[in-house]
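Structure assessment
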Amino acid sequence: MLRKNILLVGFILIALLPAFAKEGMWIPTLLNKYNIEEMKQMGFRLSAEDIYSVNKASMKDAVALFGTGCTGELISGDGLLITNHHCGFDAIQNHSTLEHDYLTNGFWAKTRQEELPNPELSVRFLNRMEDVTTQVLAGIENQPKDSATVIINRNTKKLIANASEKGRYEAAVQPLFYGNQYFLYVYEVFSDVRLVGAPPSSVGKFGGDTDNWMWPRHTGDFSYFRIYASRDNQPAKYSPDNVPYKPKKFFKISIKGIQPNDFTLVFGYPGRTQEYLPSQAIQQIMEQGDPDKIKIRDIKLGILAADMDKDLKVRIQYASKYANTSNAWKKWQGEVKGLRRLNAVEAKQKSEYEFKNWLEANADRKKRYGEVLPAFEKLYAQLAPLTKANDYYSEIVLRGTDIFNIAAFFEVIDARWSSFSSADQQKIQSSIRSKLDEYFNEYNQSTDEKVFAALIRMYANDMRPEFLPEDFKILMSKTSKEDLIAKIYRKSIFANRAKLEQLASGLNAKKLKTLSQDPIFKIFRSLKKHFESTVEPTFNSLQKQIDATMKTYTAGIMEMKQGLALWPDANKTLRVAYGKVEGYEPMDGATYDYYTTIEGIMQKDNPAIYDYNVPQALRDLYHKKDYGRYGKNGQLNVCFTASNHTTGGNSGSPVIDANGNLIGVNFDRCWEGTMSDLMFDPDRCRNIVLDIRYALFITDKLGGAGYLIDEMKIEE
Ligand code: ARG
Ligand code: ASP
């Protein structure tokens with residue numbers, strides 16, 4: 001951003017220059033209406049039809065929802081797909097053993113036969129999408145709320161049934177703008193997706209949790225998969241007879257390099273944003289929700305880190321849990337800081353004031369929307385204590401400790417056992433064994449015991465007394481709690497693999513009944529039951545009222561801003577975000593460049609620090625400056641920042657240049673911009689992108705998998 005002393009000149013310049021950082025995750029079918037002109041001004045050379053079309057192959061045919069929460073894109077005519085390393089992490093981990101430690105050493109299938117199937121993984125492509133608001137809302141006029149919901153559900157079901165064409169497609173109807181609009185999405189789902197290649201974690205996760213959410217960044221966050229289809233190129237279950245999928249469209253790759261202000265387009269599946277929340281909600285997130293969750297995870301992560309540092313086995317066991325726990329924990333901290341810097345509550349109050357003024361000007365509007373703002377005031381005040389209880393319950397009881405997790409698993413089975421058919425009971429039996437393997441492979445009793453002792457104490461101390469069951473209060477009032485926890489772990493079957501396996505083999509109602517005497521089972525069930533009776537009903541009912549109010553509020557905003565471009569919150573459907581290659585000023589007195597190079601990897605290199613231990617082969621390539629066609633003038637670019645509005649789920653998204661070529665793979669956001677799920681700041685919100693040249697360099701030179709590059713189309 002321009003400095004204050006040249007503000008005036010800057011102002012004039014800005015007015016003349018095309019717009020820079022852009023808020024918004026846009027619906028691809030609506031680009032012509034609002035955005036395409038601006039995109040063209042910013043340098044885009046293609047049309048809306050090139051991005052999304054039902055009449056011809058378009059970019060949307062090459063962008064997949066990868067698994068349940070990432071994006072991936074096709075980069076060859078043989079179904080080769082690239083996504084992030086952290087998106088392929090589970091698959092890579094599942095194939096890793098002590099002898100073949102693909103996480104540590106990387107994995108490169110040398111032939112198609114060596115590509116590894118992943119039963120749990122599927123990818124989907126959007127076949128088409130359509131505004132179905134009229135059809136969904138047909139017949140609800142003058143109906144009471146309850147019957148309106150029934151009608152909406154019925155209409156939705158019908159639309160889905162029609163669109164899925166007897167199972168050929170998977171269809172979904174999703175609300176936008178809190179249900180003021182509905183869209184139908186029709187997907188083609190491929191379930192034979194095989195792992196093709198991944199760099200070692202020392203590249204793919206370089207910088208680890210230390211660098212996560214941060215710029216400058218040097219992570220080679222990519223992995224390759226291949227989609228397989230039946231011989232007639234249709235989606236098919238895994239079979240050795242399947243053949244590589246021949247896509248309608250795949251991305252060409254440009255290794256020409258990037259310049260500041262180059263146009264960038266991110267096309268992917270952003271998960272969730274909440275840009276329309278009122279000031280009270282923002283205040284609650286900043287002052288209560290985020291701090292509570294941060295505080296709980298602070299404690300947990302501290303314990304995990306200490307144990308992981310001491311013992312390599314524990315490090316491996318808890319690597320994935322640590323990364324997941326730390327990811328949101330770190331983001332929330334950036335979010336709070338960013339919201340504070342933006343004076344987010346005041347900013348929201350200002351727009352609410354404008355809304356109020358707009359209402360005052362017209363009696364009709366006031367009648368329609370006048371109740372909204374006072375309702376928020378009341379509802380959020382009621383919600384605050386329940387949100388706190390809900391956050392504690394979900395952070396501590398539901399996902400805080402290993403032992404509660406496994407108890408929860410058995411609690412559900414126990415509660416529903418008699419309602420299962422004997423076939424289902426059989427199925428559960430056979431799934432339990434692998435569940436227990438998975439569980440105990442990633443479990444260290446003394447670590448979990450420490451986490452449990454600390455978190456359960458927080459639960460007892462911080463929750464309002466009425467949200468705690470009596471038996472739990474009595475238990476926790478007993479002196480010398482450490483002993484108590486140790487005793488509980490000694491006695492509980494959930495800390496005893498052999499006994500638990502014994503119980504699980506030949507499971508029946510009688511065996512399940514013995515669980516009700518288990519100390520962990522008893523505490524877990526008591527906390528659960530109490531939460532379900534004292535917190536959940538009111539919490540859910542308030543949330544429902546808030547959603548209904550949000551619907552009216554956004555309808556009002558849409559009416560107020562008629563003609564202006566508005567984008568609906570992300571909801572894991574395909575969206576376009578456009579921006580530019582640009583750096584930013586993270587704070588007063590500092591400017592961040594828009595790219596990093598391999599020099600930075602070498603500067604961070606430190607064999608003593610796990611996250612910064614550069615593989616020797618990469619050091620060697622660096623010393624020889626052996627960058628092939630991926631470097632230029634002795635420089636090898638690694639990552640860059642751009643001003644696309646992205647969120648969780650955009651990981652793995654293609655970053656596309658003005659000509660529609662792939663220049664990078666999106667994988668993160670910068671620390672100063674992590675509040676962008678709630679409020680966007682054009683000055684500081686940047687997405688972090690893996691430069692495709694670094695991915696290709698690693699594939700070719702470090703992985704020796706140049707044959708993969710041969711199947712791509714590269715523009716030099
Ligand atoms: N922050 C990125 C995202 O939200 C990357 C997370 C994976 N990496 C990690 N070190 N935990 O998903
Ligand atoms: N790292 C995120 C993801 O996995 C992307 C983001 O939140 O910016 O989707």
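Residues numbered from 1 in each chain as written. Chains lettered and ligands numbered in written order. Predicted model: local features only at pLDDT ≥ 70, side-chain atom pairs only at ≥ 80, totals over all residues. Heavy atoms only, no water.

1. Focus: the overall build of the protein chain
Note the following rule: In DSSP terms, a helix is any run of H or I states spanning at least four residues, a strand is any run of E spanning at least two, and both are numbered starting from the N terminus. Here the globule rule is a power law, 2.2 Å times the number of residues to the power 0.38, and the radius of gyration is based on C-alpha atoms. Relative accessibility thresholds used throughout: buried, under 20% of the residue-type maximum; exposed, over 50%; partly exposed, between the two (1.4 Å probe, protein chains only). The contact rule is simple, with two residues in contact once any of their heavy atoms fall within 4.5 Å. A 1.4 Å probe and the Shrake-Rupley method give the accessible areas. Residues count as covered only by the protein chains that appear here. All tallies of charge rest on Lys and Arg as positive and Asp and Glu as negative; His and the ends of each chain are not included. In plain terms, the charge of a residue is placed at NZ if it is Lys, CZ if Arg, CG if Asp and CD if Glu.
Regarding its fold elements, the protein chain presents 28 helices and 22 strands. In terms of C-alpha radius of gyration, the protein chain reaches 27 Å, essentially the compact-globule figure of 27 Å for 716 residues. Over its C-alpha atoms, taken along the principal directions, the protein chain stretches across nearly 75 × 70 × 60 Å. With 716 residues in all, the protein chain has 55% of them scored as buried. Pairs at least 24 residues apart make up 78% of the contacts formed inside the protein chain by residues separated by at least 6 positions. Just so you have it, the protein chain exposes about 32200 Å², and 51% of that area is on carbon and sulfur atoms. Positive and negative charge centroids in the protein chain, built from 93 and 89 side chains respectively, lie 3 Å apart.

2. Quick notes on the side chain of S279
Just so we agree on the cut-off: Within 3.5 Å is the distance limit for a polar contact, defined as a pair of N or O atoms, with the added protein rule that one can donate a hydrogen and the other accept it, and that residues adjacent in sequence qualify only through two side-chain atoms.
Looking at where S279 falls in the secondary structure, it is placed in helix α11 (residues 279-310). By relative accessible area, which is 4% here, S279 ends up buried. Here Q280 takes part through its side chain, which lies 3.5 Å from a polar atom of the side chain of S279. Once residues within four sequence positions are removed from consideration, S279 is found in contact with V345, K348, Q349 and E352.

3. With respect to the nonpolar core
Formally: Take the buried Ala, Val, Leu, Ile, Met, Phe, Trp, Tyr and Cys residues and link them wherever side-chain atoms come within 4.5 Å; each set so joined is a nonpolar core.
If you look at the biggest cluster of nonpolar residues, it comprises 199 residues, and the most contacted ones within it are M39, Y224, Y459, F494, L618 and Y694. Beyond its immediate stretch of four places on either side in the chain, L618 contacts V203, I598, I601, M602, Y694, F697, I698 and L702. Core analysis: the next-biggest nonpolar cluster, separate from the first, contains eleven residues, V132, V136, L159 and V186 among them.

4. A short note on the packing of helix α16 (residues 402-416) against helix α18 (residues 445-462)
Between two packed helices, what matters for the description is the angle formed by their axes and the separation of those axes. Note the cut-off: A fitted line through C-alpha atoms serves as each axis, taken over the contacting stretch for helices, and the angle formed by two N-to-C directions is quoted from 0 to 180°. Angle categories: roughly parallel below 35 degrees, roughly antiparallel above 145, roughly perpendicular from 65 to 115, and oblique for all the rest. Amino acids are sorted into nonpolar (Ala, Val, Leu, Ile, Met, Phe, Trp, Tyr, Cys and Pro), charged (Asp, Glu, Lys and Arg) and polar (every other residue, Gly among them).
Relative to each other, α16 and α18 sit at 90°, their axes nearing to 8 Å. Relative to α18, the element α16 lies roughly perpendicular. In this structure, α16 uses D402, I403 and F404 to contact α18, whose residues at the interface are D448, F452 and I456. Looking at side-chain class alone, the contact of α16 with α18 contains four nonpolar, no polar and two charged residues.

5. Thoughts on the site of ligand 2
Heads up, the rule is: A molecule or strand has a residue near it when one of that residue's heavy atoms lies within 4 Å.
Every residue near ligand 2 is listed here: H86, W213, T647, G648, G649, N650, S651, F667, D668 and R669. For ligand 2, an oxygen atom lies 2.9 Å from a polar atom in the side chain of H86. Contacts to ligand 2 include R669, whose side-chain N or O atom sits 2.8 Å from an oxygen atom. Contact with the protein chains removes 90% of the 280 Å² of surface that ligand 2 exposes when unbound. Taken together, the residues that form the shell around ligand 2 break down as two nonpolar, six polar and two charged.

6. A look at the pattern of salt bridges
To keep it simple, the criterion reads: For this document, the term salt bridge refers to a Lys or Arg side-chain nitrogen within 4 Å of an Asp or Glu carboxyl oxygen.
Enumeration according to the criterion identifies 45 salt bridges in this entry. Measuring nitrogen to oxygen at the nearest pair gives 4.0 Å for the salt bridge that ties D61 to K248. Here D61 is found in the loop between α4 (48-51) and β1 (63-66), whereas its partner K248 is found in the loop between β11 (243-244) and β12 (253-254), with 187 residues between them in sequence. When its relative accessible area of 48% is taken as the criterion, K248 is described as partly exposed. With its nearest N and O atoms 2.8 Å apart, the salt bridge here joins D462 to K295. Residue D462 is located in helix α18, and its partner K295 is located in helix α11; the two are separated by 167 residues in the primary sequence. Residue D462 is classed as partly exposed on the basis of its relative accessible area of 23%. Judged by relative accessible area, which is 38%, K295 ranks as partly exposed. Taken together, the shared-partner salt bridges in this structure form one network comprising D78, R112, E115, R226, K246 and E711.

7. Let's talk about the side chain of T641
Position of T641 among the secondary structure elements: in strand β18 (residues 637-642). Within the local environment of T641, its side chain forms a polar contact with the backbone oxygen of E582, the two atoms lying 2.7 Å apart. T641 has contacts with W215, K580, V581, E582, G583, D593, Y594, R686, N687 and I688, leaving out every residue within four places of it along the chain.

8. Comments concerning the confidence of the model for the protein chain
Selection rule: Per-residue confidence from the predictor is reported as pLDDT, a score between 0 and 100.
Per-residue confidence for the protein chain gives a mean pLDDT of 94, with 97% of residues at or over 70. Ignoring residues within four places in sequence, the model shows residues 1-19, a span with pLDDT below 50, making 13 contacts including any to other chains.

9. Side note on the packing of aromatic side chains
Filter applied, for reference: Stacked, tilted and edge-to-face are the three classes applied to pairs of Phe, Tyr and Trp rings, where Trp contributes its six-membered ring and a pair requires centres within 6.5 Å; stacked means planes under 30 degrees apart, edge-to-face means over 60, and tilted covers the rest. Criterion for a charge above a ring: Arg CZ or Lys NZ at most 6 Å from the ring centre, at most 35 degrees from the ring normal.
Summed over the entire model, instances satisfying the criterion amount to 34 aromatic pairs. Aromatic pair F183 and Y185: ring centres 6.3 Å apart, planes at 35°, arrangement tilted. Given a relative accessible area of 2%, F183 falls into the buried group. Ring centres of Y393 and F531 lie 3.8 Å apart, and the angle between their planes is 5°; on these two criteria the pair is classed as stacked. Placement of the pair is Y393 in helix α15 (residues 372-398) and F531 in helix α23 (residues 519-534), with a sequence separation of 138 residues. The exposure classification of Y393 matches that of F531, with both residues buried. The rings of F355, W358, Y369, F376, Y380 and Y553 are connected pair by pair, giving a single aromatic cluster. One residue, K60, lies across the ring of Y52, its end atom 5.5 Å from the ring centre. Over the aromatic face of F409 sits the side chain of K435, whose NZ or CZ is 4.7 Å from the ring centroid.

10. Overview of the site of ligand 1
What surrounds ligand 1 is the set H86, K205, G208, D209, N212, W213, A323, N327, F667 and D668. Within the side chain of D209, a nitrogen or oxygen atom sits 3.0 Å from a nitrogen atom of ligand 1. A distance of 2.9 Å is found between a nitrogen atom of ligand 1 and a side-chain nitrogen or oxygen belonging to N327. Surface burial for ligand 1 is 85%, taken as the share of its 340 Å² of free accessible area covered by protein chains. Contributing elements (two or more residues each) for the shell around ligand 1: α10 (208-211), α12 (312-341) and β20 (662-669). The residue makeup of the shell around ligand 1, split by class, is three nonpolar, four polar and three charged.

11. Re helix α27 (residues 692-702)
Summarising burial for α27: eight of the eleven residues are buried, a large majority. Looking at α27, one finds that the buried residues are I692, R693, Y694, A695, L696, F697, I698 and T699. The positive-phi residue at the C-terminal boundary of α27 is G704, with phi of around 60°.

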